[in-house]
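Structural description and commentary
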Amino acid sequence: MPTTNGQFALIAPDLGLIFLFIAVVSCTPFLVGFWYGEIEFLLPMASAPAGFGILGFLLASIPKAEGEARLSVALSAVALIWLAVALIGALPYALGLGTSYTDSVFEAMSGWTGTGYSLLPSVDTTPRMILFWRSLTQWMGGLGIVAFTVALSGRSGLTRFRLYRSEGRSETFMPSVVATGFEMWRIYLVLTVLGVGLVLLSGIPLWDAVNIVMTAISTGGFAVHTAGILYYESPLLEMLVVPVMIAGALPFKIYFLLYYKKKFGLLADRQAILLFALILAGCAVVTSDLILFSSLSPAEALREALFMTVSGITCTGFQNANPGTWYATTVMVLTALMLVGGAAGSTAGGIKLSRVILSLEVLGWWLRRLYSGWRTITPLRHDGRPILDHLPEYEVSKSMLVVVLYLLMVAVATLLLLHLAPQGGFDSADVIFEVVSAASNVGITTGFVNPGISPVAKWLFILVMWAGRLEIVPVIALVAGAGRRL
């Protein structure tokens, strides 16, 4: 059995390769800087690729040991990767904009995790190179840092498979994780290009369209203006962004089957069906609430309801309204949608639609067992396949563990915020909404998250965004591993 140092040596070269690939891609904003003549910001921007490159070189130079890393090590490594990209990715904000390191890490973690919260004092005056860096972090983090670099590496193996799965990815519609990652990123690129073409129909500039689509398809939510989508005052733009957000929240396996198998599986995929059903139901409830309680006209209520419902359940975070002005029950509907999130195998966050479906299947399974008798073998059918014996309990416990951890994290973070970082003008419902938004990597805000909140609150939100993106278990594995070594 390899020691702790031996286990690290097993995985260090793979981690080094990941950071070296990130370093290369992090040079992309230089093109924007040269194009717009922002020469003075080249050096601050260079801090990110330099930091990733140095860390990657140091890790890659560690001689690789023989064997395969344990799952617990892979989980801890993925948690460290996401923490490191936020700590290093914060440097351009701190050095280029002069923001505090805490605010910079918050901005970076919000970007990489696709949350969309921002503490920048003025997005409109931020250099375009830094704005593109924000969009790029969301676009890269959308499908996953490990998935991205594994696809580029061209090599597979058990260790890389475990790293891939530890990032919250479960889709394997190709024989290897490398092939799966490559196909997912190729689909991602195509969707991004198509999305840019669609959004350009609204008449906004190419620069705005590219950034909006990069953060919409990644269900991130960063914008290039302080007012966000509302800056454009364009209902047409909002309606064109809606299908882009939905495209990011659908399982990418649908696109794979459509392109390679010529099979239109949208109406056969239960996650897709549930996603559209929740959008319709949520839109209907929010629209009626806005008409009845907020006295909006039917047209304006439908406009806000559709956009905010889609933005909430896809975990994108774009806003064409302020939920802080809504009736409390309307806000709770949006909170529930954010907590559920999008499909597994998509860029969306949240608990995931697949776990909701599994919960409903298990409920039906237990009822059938109750009425057929405990001695009768009653299979649990999942994804059209029967699961016998002890596997139903295993599958359910694994999925329910994540659900319970999500709810526990929301409860603990809310209590901590209310006690350690109270803020006047906001009640407990606002805090719950903001914590769910952070945990599900959404970024819709009532105004509670702002540059004026305390450093304690900022770091607590950083931790919640980090744990939520990785579905909590890798962070627990990292903390538990570190605790054993103390």
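Residues numbered from 1 in each chain as written. Predicted model: local features only at pLDDT ≥ 70, side-chain atom pairs only at ≥ 80, totals over all residues. Heavy atoms only, no water.

**Observations regarding the overall build of the protein chain**
Counting secondary structure elements, the protein chain contains 21 helices and two strands. Within the protein chain, the proportion of its 486 residues that are buried is 57%. Intrachain contacts of the protein chain at a sequence separation of at least 6 include 72% that bridge at least 24 residues. As displayed, the protein chain offers around 20,300 Å² of accessible surface, 70% of which is attributable to carbon and sulfur atoms. (Helix = DSSP H or I, 4+ residues; strand = E, 2+ residues; numbered from the N terminus. Buried < 20%, exposed > 50% of the residue type's maximum accessible area, 1.4 Å probe, protein only. Contact = heavy atoms within 4.5 Å. Areas by Shrake-Rupley, 256 points an atom, 1.4 Å probe, with all protein chains shown as cover.)

**Overview of the packing of aromatic side chains**
Centre-to-centre distance and the angle between the planes together describe a pair of aromatic rings. Under the definition given, this model contains 16 aromatic pairs. With a centroid separation of 4.9 Å and an interplanar angle of 85 degrees, the aromatic rings of Trp185 and Tyr188 are classed as edge-to-face. Within this pair, Trp185 and its partner Tyr188 are both found in helix 10 (residues 177–199), separated by three residues, close to a single helical turn. On the basis of relative accessibility, which here comes to 7%, the residue Trp185 falls in the buried class. Both rings, one in Phe293 and one in Tyr327, keep their centres 4.3 Å apart while their planes meet at 25 degrees; by these two values the pair is stacked. Residue Phe293 is found in the loop between helix 14 (270–292) and helix 15 (298–313), and its partner Tyr327 is found in the loop between helix 15 and helix 16 (328–340); the two are separated by 34 residues along the sequence. (Phe/Tyr/Trp six-rings, centres within 6.5 Å; stacked < 30°, edge-to-face > 60°.)

**Things to note about the nonpolar core**
The nonpolar side chains of a soluble globular protein tend to be buried, and buried together. The biggest cluster of nonpolar side chains holds 141 residues, and the ones touching the most others in it are Ile22, Phe52, Trp112, Val241 and Phe461. In this view, Val241 contacts Val199, Ile212, Ala216, Phe307 and Phe318; residues no more than four positions away in its chain are not counted. (Core = buried A, V, L, I, M, F, W, Y, C linked by side-chain atoms within 4.5 Å.)

**Some points on a nonpolar patch on the surface**
Taken together, the side chains of Leu408, Val412, Leu416, Leu420 and Val456 define a hydrophobic patch exposed on the protein surface, amounting to about 430 Å² of accessible area. If one sorts the elements of the nonpolar patch by residue count, helix 18 (residues 391–420) sits on top with four residues. With respect to the element layout, Val412 can be found in helix 18. Residue Val412 is classed as partly exposed on the basis of its relative accessible area of 41%. (Patch = residues over 30% accessible without salt bridge, like charges linked within 9 Å, V, L, I, M, F, W, Y side chains within 5 Å. Salt bridge = Lys/Arg side-chain N within 4 Å of Asp/Glu carboxyl O.)

**Concerning the environment of Met239**
Within the secondary structure, Met239 is located in helix 12 (residues 235–249). The class for Met239 is partly exposed, based on a relative accessible area of 33%. Sequence-wise, Met239 and Leu306 are 67 residues apart; in three dimensions their C-alpha atoms are separated by 8.7 Å. Residues in contact with Met239, not counting those within four places in the same chain, are Arg303 and Leu306.

**Some details on the pattern of salt bridges**
For the coordinates displayed, the defined rule picks out six salt bridges. Across the pair Asp103 and Lys458 runs a salt bridge whose closest N-O atoms are separated by 2.7 Å. With Asp103 in helix 6 (residues 101–112) and Lys458 in helix 20 (residues 455–469), the pair connects residues that are 355 residues apart, well separated along the chain. Judged by relative accessible area, Lys458 falls into the buried class, the value being 7%. A salt bridge links Glu471 to Arg355; its shortest N-O distance comes to 3.0 Å. In this pair, Glu471 is assigned in the loop between helix 20 and helix 21 (473–485) and Arg355 in helix 17 (residues 353–372), connecting sequence segments 116 residues apart. The pair formed by Glu471 and Arg355 is uniform in burial state, with each residue classed as buried. Connected through salt bridges with shared partners, the residues Glu238, Glu300 and Arg303 form a single ionic network.

**Quick look at the environment of Asp14**
Tracing the chain through its elements places Asp14 in helix 1 (residues 4–25). As for Asp14 and Gly56, which are separated by 42 residues in sequence, their C-alpha atoms are 9.2 Å apart.

**Observations regarding unusual backbone geometry**
Despite not being glycine, Lys352 has its phi angle at roughly 95 degrees, a positive value. Positionally, Lys352 belongs in the loop between helix 16 and helix 17. Taking the relative accessible area as the measure of exposure, Lys352 reaches 9% and is therefore buried. Phi is positive for Ile472, which is not a glycine, with a value near 75 degrees. Among the secondary structure elements, Ile472 is positioned in the loop between helix 20 and helix 21. Looking at Ile472, the relative accessible area reads 6%, which means it is buried.

**Side note on the side chain of Glu38**
Tracing the backbone through its elements, the reader meets Glu38 in the loop between helix 2 (29–35) and helix 3 (42–60). Nearest to the buried, unbridged Glu38 among oppositely charged side chains is Arg128, at 5.5 Å. Ignoring anything within four residues of it in the chain, the contact list for Glu38 reads Gly33, Pro127, Arg128 and Met129. (Lys, Arg positive; Asp, Glu negative; His and termini not counted.)

**Section: the packing of helix 14 against helix 16**
Interaxial distance between helix 14 and helix 16 falls to 9 Å at its minimum, and their mutual angle equals 165 degrees. Taken as axis vectors, helix 14 and helix 16 run roughly antiparallel relative to one another. Judged by the twist between their axes, the crossing of helix 14 over helix 16 is left-handed. Across the interface between the two elements, Leu278, Gly282, Val285, Val286 and Asp289 from helix 14 touch Thr329, Thr330, Val333, Leu337 and Val340 from helix 16. For the contact of helix 14 with helix 16, a count of residues per class yields six nonpolar, three polar and one charged. (Axes fitted to C-alpha atoms, helices over the stretch in contact; angles between N-to-C directions. Parallel < 35°, antiparallel > 145°, perpendicular 65-115°, else oblique. Left-handed = near helix turned anticlockwise from the far one by under 90°. Nonpolar A, V, L, I, M, F, W, Y, C, P; charged D, E, K, R; others polar.)

**Considering helix 12**
End to end, helix 12 covers 22 Å across 15 residues, agreeing with the expected 21 Å (1.5 Å per residue, within 8%). Among the 15 residues that make up helix 12, eleven are buried, leaving the element largely enclosed by the rest of the structure. When we look at burial in helix 12, the residues that qualify are Leu237, Glu238, Leu240, Val241, Val242, Val244, Met245, Ile246, Ala247, Gly248 and Ala249. (Expected span 1.5 Å × (residues − 1).)

**Looking at the side chain of Thr330**
Following the sequence through the fold, Thr330 ends up in helix 16. Those residues in contact with Thr330 that sit more than four places away from it in its chain are Val286 and Asp289.

**A word on the environment of Gly181**
Assignment of secondary structure puts Gly181 in helix 10. Its relative accessible area of 1% is what places Gly181 among the buried residues.

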